[in-house]
Amino acid sequence: MTPRSRRVTFRIMWLALAGVCATVLSLAGMYLYLDPQIPRAETYRHVKLETPLRVYTADARLIAEFGERRLIPVTLAEVPGHFISALLDTEDKRFYEHNGVDFVTLTTAALDLVMNMGEISRGGSTITMQLPRNLGTFSRDQVFIRKFKEILLALKMERELSKDEILELYINAVPFGKRAYGAQAAAYTYYGKPLAELTLAQLAMLAGIPQAPTAGNPINGPERSINRRNLVLRRMLEQRSITPAEFDVAVAAPITARLYARELDVPAPYAAEWVRQQLIRRLPDLYSGGYEVYTSLQSELQAAADSALRKGLLSYDRRHGYRGPEAQLMIREDEPLDDTRIQQTLAEMPLYGNLEAAVVKQVDENAATVQLAGRREVVLDLDAVRWARSFIDVDTRGPVITRVTDVLGPGDLIRVEYLGKVAREIDDSQAAEAAAATGGGALASAPVTEVLVDAWRLAQLPEIQGALVSLNPDTGAVLALSGGFDFGMNQYNHAIQAARQPGSGFKPFVYSAALNSGVTPASIFMDAPLVFDDKNLESEYRPDNDNNQYNGPTRLRVALYRSINLVSMRVLLDVGAGNVLSHAQRFGFDTSTFPRNTQLAVGGGTMAVTPLQMASAYAIIANGGWKVEPNLVTRVVDITGTEVFKPMYSVVCRECSEDAPASPASEEPSSLEDLLAQTAEGGTPAAVVPPAPRTIDARNAWIMNNMLQDVIKRGTGRRAAVELQRSDIAGKTGTTNDAADTWFNGYNPDVVTTVWVGFPNHQALGSREYGSNTPLPIWIDYMKVALADRPQISRPQPPGIVTRKINPRTGELASAQDSDAIFEYFLQEHVPTTSIAERRIERKDDEIKAVDIF
């Protein structure tokens, strides 16, 4: 080598070394500059995925989900192998070989970088590099500086986390469009079932979405998504992850994706919204923290409550007539309705209360053909529309329906209700067709005379509203809550928000105050007209009974079960409004707005209470005199299953003395027995459950319960006794004077349930609507389910109550000669001391006169 060549070689070596040093120094400088800007890799081992709030019943059935992101985490072991292959073969085929950066694909991206003046137009990222972007660590803008951050963080993550940990986190974090994050959420969103149940074509479709979650999902971009799916399948074939036969079947498969709402086990939107309101201030990340809330709701009872309320409201609606179609589709003469236009119209009609929208296509005197969504057609015969006499007002309907054309016309946009399978008689020709369809056989010797068919009925969305709330009287736990006909129609929760006049449902609290004041169930009050002079009124005030009939002297017990208004008013006058108001506060009522006149006796005037408040008040009578607070949330756990909130509620403790210590709490306060028997795990001291305070005398509660049982046995609630066939139920109907509110409040020792029915605008329900025929059937339908497996319970008579025979006409102690004497219960300090016969001995006959003591 010549001296000149040596000098050239030496200079080149120095330049190369300088270049290497400059590169090292540049990389070191970039590292020192970027390193503080990226998180520690260890944080990704404990990353908290943004997961929606889920609300469950006490028996772990999903009732609601809240949150912008829909994410259902899965472990890598739960992910189908074909899906993993689809992701790796398409996104990062050397994932298990590189150290976080694939320099082959990165070189391609670097060339792109030069060609595009510092902007990256296509990826070179590995799954490890994509992960921080999907978790929101870096923006999704394709810029030079972000790419270097991804590389640096990927190298760090590969040192701290295993390949499987990185892949599992990626599968759970990657966006799939339509608010679905993670593969499992995407599977439910697009196919309505878990990832493990999807076909190869469906898995490949999902694997292709992350490249363009918004534009490339099968809903927004079906053509683009199917092309991307087929590319994924080709990559899988090239990597021998699938066989040619599997490829051929999958690539020929049509798109089967559509949007699925998260399947709820038992939808309970009114209760779930109440839960959300209670927790929103306590948990700032409520919608994204992955919390699971467990409530006291019982799934079977919640379903029964919704069904009973809807059935009752629809029944009322049918009794009062048809208000006509929701809309009318314009049609041209001699031209049938276009199916496409019908389907476009129906697509905009939401499903409310299981009443489907439909359009009448053809109609004659005997039947109408109507089309539902999905081009399904059903026939409505005369029986299906016979109820639909035209609505005139709440007390008046139009003429009887004799033809289907009296009700329906072509183009009517209506609602229909599915009634299930019913048996229909068929004629000989139809029987022959049925026999041929089934291949004959036994039909030859036993001809078909009827078949099962789908039955539908004309319906309409009711304007009437209602609410049902059911409690455990010993714990206050809400067992079921339905706040209206359909949450989608009206989000106003009538169970906890609608403060309405309680009507006669308030009378038991007036009578309970009377018992405290010395009145007895045998006390006689005059059922006769009352007249009040009031200088503020232009005329005299003359309250009356609902039926405008009067019974003369009436025992208190009879007045309650027959719901006699004038007796209740005289009881109030005897006891005093102040005493009644003070006593009502013991039942949890805020009496600040209650009237101080005779309207207090009949639940009218300025009184306003919610169904939840009424159920809570009746629970005090049902449990024997203890006040429990209505409650719904039992515990809240975070995404790791750690309990973060567990409220404590007071419970009835019959074994506790007044100064006894509270009992230990259970892990799940779903029943009184659990609350009192279980302790915390791990040997640590259990939380203390405060015993419920006694608010009325046990004897008062027992006698009131006994009187309210007579409402069921022989009073306005007799229908419940007939249908439920139980001796342990009690309750009270309620109807306001103007029939704007109807109630039934009833219970047994295990379940307290209040039902209210009325119009949101306070209009009258009709002159023939009462608590005994509007809300009571709803209460019965629900309680049939609620009490089905519960044995009958008889509360023991507390000490301090005595039984005496009385004369049923006078209320006095009966003499030995009284053949029609009956037993009555008294507080021992208020037992009558003399009989009517003894009083007559003390007086001269000519001094005995009938005196109205009022």
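Sequence order as written defines residue numbering, which begins from 1 separately in each chain. Owing to the predicted nature of the model, reporting of local features is limited to residues with pLDDT of at least 70; listing and counting of side-chain atom pairs is limited to 80 or more, with chain, interface and lining totals taken over all residues. Values shown for side chains rest on all heavy atoms present in the structure; no hydrogens or waters enter the calculation.

Engineer: Which residues make up the overall build of the protein, and what values go with them?
Structural biologist: Starting at the N terminus, helices and strands are each numbered in turn, a helix being any DSSP run of H or I of at least four residues and a strand any DSSP run of E of at least two. Within the protein, the regular secondary structure consists of 25 helices and 26 strands. Per-residue burial for the protein yields a buried fraction of 49% across its 854 residues. Partitioning the contacts of the protein with sequence separation of at least 6, the portion at a separation of at least 24 is 69%. Note on exposure labels: buried denotes an accessible area under 20% of the residue type's maximum, exposed denotes more than 50%, and partly exposed covers the range between, all computed with a 1.4 Å probe on protein chains only. In this description, contact between two residues means that some pair of their heavy atoms is separated by no more than 4.5 Å.

Engineer: Tell me what's going on with helix α18 (residues 565–575), and back it up with residues and numbers.
Structural biologist: Across the 11 residues of α18, 9 count as buried, placing the element largely inside the fold. All of the buried residues along α18 are N565, L566, V567, S568, M569, R570, V571, L572 and V575. In the core, the buried residues of α18 are packed alongside α16 (507–516), β16 (524–527), β17 (552–555), α17 (556–561) and α19 (577–585). Remark: G576 follows α18 within two positions and exhibits a positive phi of approximately 100 degrees.

Engineer: Can you tell me about the packing of aromatic side chains, naming the residues and giving the values?
Structural biologist: Here a Phe, Tyr or Trp ring, Trp counted by its six-membered ring, pairs with any other such ring whose centre lies within 6.5 Å, and the pair is stacked when the planes are under 30 degrees apart, edge-to-face when over 60, and tilted otherwise. Counted by the stated rule, this structure contains 15 aromatic pairs. Ring centres of F589 and F594 lie 6.1 Å apart, and the angle between their planes is 50 degrees; this geometry places the pair in the tilted category. For the ring pair W702 and Y825, a centre distance of 4.9 Å and an interplane angle of 80 degrees mean the geometry is edge-to-face. Within this pair, whereas W702 is found in helix α22 (residues 698–714), its partner Y825 is found in strand β26 (residues 822–827), the two being separated by 123 residues in sequence.

Engineer: Now, about the sheet that holds strand β22 (residues 730–735): what can you tell me, with residues and values included?
Structural biologist: Two strands pair under a simple rule: DSSP has to find at least two bridges between them. Taken together, the 5 strands give an open sheet; going across it, the order is β15-β14-β24-β23-β22, and neighbouring strands pair in antiparallel fashion. The open sheet is flanked by β15 (478–482) and β22, the only strands paired with a single partner. The sheet shows a mean angle of 5 degrees between the axes of neighbouring strands, direction not considered. In this sheet, β15 lies alongside strand β14 (residues 465–471) in antiparallel orientation, the contact comprising 4 bridges. Geometry is summarised by axes, namely lines fitted to C-alpha atoms with helices restricted to the contacting stretch, and by angles between N-to-C directions that run from 0 to 180 degrees.

Engineer: Explain the nonpolar core to me, using residue names and the numbers behind them.
Structural biologist: Counting 87 residues, the largest nonpolar core has F506, Y511, V571, F589 and L600 as its most contacted members. With 9 residues, the top contributor of residues to this core is helix α20 (residues 611–623). Each residue touching V571, except ones within four places of it in the same chain, is listed here: V510, Y511, A514, F525 and L556. Take the buried Ala, Val, Leu, Ile, Met, Phe, Trp, Tyr and Cys residues and link them wherever side-chain atoms come within 4.5 Å; each set so joined is a nonpolar core. Core analysis: the second largest hydrophobic core is formed by 42 residues, L76, I166, L167 and V232 among them.

Engineer: How would you explain the pairing of strand β7 (residues 355–363) if you had to name every residue and give the values?
Structural biologist: In terms of strand pairing, β7 meets strand β12 (residues 412–425) through 5 bridges, oriented antiparallel. Counterpart to A358 in the pairing with β12 is I414.

Engineer: For empty space enclosed by the protein, give the residues involved together with the corresponding values.
Structural biologist: Both site types are read off a 1 Å grid over the protein atoms alone. A 1.4 Å probe that fits but cannot get out defines a cavity, while an open set with protein on both sides within 12 Å along at least five of seven lines defines a pocket; lining residues have an atom within 4 Å of a point. Grid points are joined across faces, edges and corners, and a volume is the space filled by probe spheres set on the points. For the structure shown, the criterion picks out 5 cavities of 30 Å³ or more. Roughly 80 Å³ of internal volume is contained in the largest cavity. Y316, D317, H320, G321, R323, F391, V394, E463, I464, F759 and Q763 are the residues that line the largest cavity. Counted by class, the lining of the largest cavity contains 5 nonpolar, 3 polar and 3 charged residues. Nonpolar residues are Ala, Val, Leu, Ile, Met, Phe, Trp, Tyr, Cys and Pro. Charged residues are Asp, Glu, Lys and Arg, and all others, Gly as well, are polar.

Engineer: How would you summarise the pattern of salt bridges if you had to cite specific residues and measurements?
Structural biologist: We count a salt bridge whenever a side-chain nitrogen from Lys or Arg sits within 4 Å of a carboxyl oxygen from Asp or Glu. By the definition in use, this model includes 32 salt bridges. Between D383 and R386 there is a salt bridge, and its shortest N-O distance comes to 2.9 Å. With a relative accessible area of 39%, R386 lands in the partly exposed category. Here D406 makes a salt bridge to R403, at a shortest N to O gap of 3.0 Å. D406 sits in the partly exposed class, given a relative accessible area of 34%. One salt-bridge network, held together by shared partners, links D339, K361, R375 and E377.

Engineer: Give a detailed account of the environment of Q585, specifying residues and quantitative values.
Structural biologist: Looking at where Q585 falls in the secondary structure, it is placed in helix α19. You can call Q585 partly exposed: its relative accessible area is 46%. For Q585 and F509, which are 76 residues apart along the polypeptide, the C-alpha to C-alpha distance reads 9.8 Å.

Engineer: Which residues make up the pairing of strand β18 (residues 633–637), and what values do they have?
Structural biologist: With 5 of 5 residues buried, β18 is to be regarded as a mostly interior element. Inspection of the sheet shows strand β5 (residues 292–295) paired to β18 by 4 bridges, in the antiparallel sense. The residue of β18 that forms the bridge with T295 is V633. Judged from the 2 bridges that link them, β18 and strand β19 (residues 643–645) form a sheet pairing that is antiparallel. Each residue of the ladder has a partner; that of V637, found in β19, is E643. Hairpin connection of β18 to β19: 5 residues between the antiparallel strands, including G641 at a positive phi of 90 degrees.

Engineer: Would you mind going over unusual backbone geometry in detail, with residue names and values included?
Structural biologist: Look at R240: it is not a glycine, yet its phi comes out positive at around 60 degrees. When you line up the elements, R240 lands in the loop between α9 (222–238) and α10 (244–251).

Engineer: Tell me about the side chain of H583, and please be specific about residues and values.
Structural biologist: Assignment of secondary structure puts H583 in helix α19. Assessed through its relative accessible area of 5%, H583 is described here as buried. A distance of 2.7 Å separates polar atoms of two side chains, one belonging to H583 and the other to S512. In this structure, H583 is in contact with F509, S512, A513, N516, I696 and N700, ignoring residues within four places of it in sequence. Within 3.5 Å is the distance limit for a polar contact, defined as a pair of N or O atoms, with the added protein rule that one can donate a hydrogen and the other accept it, and that residues adjacent in sequence qualify only through two side-chain atoms.

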